[in-house]
Amino acid sequence: MPDPARTIPDFLLQHLVDREAERQNAAAEFYATLTDRERALVRDAAVMGYVQGTLHPRGEKHPKDSWVTALVVQECLAFPDLYPAINATQPA
């Protein structure tokens with residue numbers, strides 16, 4: 001039997017569900033306004049950011065944005081087949 005003190009009230013649960021739907025819709029609407037190149041850049045950066053984040057040691061301080069940006073660009077350039085948007089402007 002669930003502990004009543006730990007049960008989320010229905011109105012609050014519905015609010016959380018509604019807010020999540022609003023965030024998803026706003027993101028989809030924004031994404032739809034991007035050009036194909038912008039979408040590709042967002043995808044490449046998001047995927048590489050996720051990869052780097054999962055590789056980051058737990059408990060370690062997170063580096064500055066400029067360091068992270070440089071690392072992500074370097075890694076994207078190292079794997080041109082996986083991150084074509086970043087590499088599209090590089091000479092062959």
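Since the structure is predicted, the reported quantities are computational estimates derived from the model, not experimental observations.

Definitions and limits used
Once a new chain begins, its residue numbering starts again from 1 and follows that chain's sequence as written. Local features in a predicted model are, by the rule used here, given only for residues with pLDDT of at least 70; side-chain atom pairs are given and counted only at 80 or more, and totals for whole chains, interfaces and linings are based on all residues. With hydrogens and water stripped out, all remaining heavy atoms of the structure feed into the side-chain values. Only runs of H or I of at least four residues qualify as helices and only runs of E of at least two qualify as strands under DSSP, and these elements are numbered from the N terminus. The globule rule used for comparison is 2.2 Å times the number of residues to the exponent 0.38, while the radius of gyration itself is calculated over C-alpha atoms. Remark: exposure states derive from per-residue accessible area (1.4 Å probe, protein chains only) relative to the maximum for the residue type, with buried under 20%, exposed over 50%, and partly exposed in between. Any two residues whose heavy atoms approach within 4.5 Å at even a single point are treated as in contact. Under the convention used here, a 1.4 Å probe and the Shrake-Rupley method define accessible areas, while residue burial counts only the protein chains that appear. We treat Lys and Arg as the positive residues and Asp and Glu as the negative residues; His and chain ends play no part in the count. To locate a charge, the coordinates of NZ of Lys, CZ of Arg, CG of Asp or CD of Glu are taken. To obtain an axis, a line is fitted to C-alpha atoms, over the contacting stretch when the element is a helix, and the angle between two such axes runs from 0 to 180 degrees between their N-to-C directions. These descriptions rest on fixed angle ranges, namely under 35 degrees for roughly parallel, over 145 for roughly antiparallel, 65 to 115 for roughly perpendicular, and the rest for oblique. Note that Gly is not counted as nonpolar here; it falls among the polar residues with everything else outside the nonpolar set of Ala, Val, Leu, Ile, Met, Phe, Trp, Tyr, Cys and Pro and the charged set of Asp, Glu, Lys and Arg.

**Concerning the overall build of the protein**
1) Next: Within the protein one finds 4 helices and 0 strands.
2) Next: Starting at the N terminus and walking to the C terminus, you meet the elements of the protein as α-α-α-α.
3) Next: Expected size for 92 residues packed as a compact globule is a radius of gyration near 12 Å; at 19 Å, the protein overshoots this value by more than 25%.
4) Next: On the principal axes, the C-alpha backbone points of the protein span a range of 60 × 35 × 25 Å.
5) Next: Counting only residues that meet the buried cut, the protein has 12% of its 92 residues in that class.
6) Next: Of all intrachain contacts in the protein linking residues separated by at least 6 positions in sequence, the fraction that spans at least 24 positions is 50%.
7) Next: Carbon and sulfur atoms make up 61% of the accessible area of the protein, which amounts to about 7,700 Å² in all.
8) Next: Measuring between centres, the 9 positive side-chain charges of the protein sit 6 Å from its 13 negative side-chain charges.

**Looking at the packing of helix H2 (residues 36-55) against helix H3 (residues 65-78)**
1) Next: Interaxial distance between H2 and H3 falls to 10 Å at its minimum, and their mutual angle equals 105°. By the angle class used here, H2 and H3 are roughly perpendicular. Contacts between H2 and H3 involve Asp44, Met48, Gly49 and Gln52 from the former and Leu71, Val72, Glu75 and Cys76 from the latter.
2) Next: Partitioning the contact of H2 with H3 into residue classes produces 4 nonpolar, 2 polar and 2 charged.

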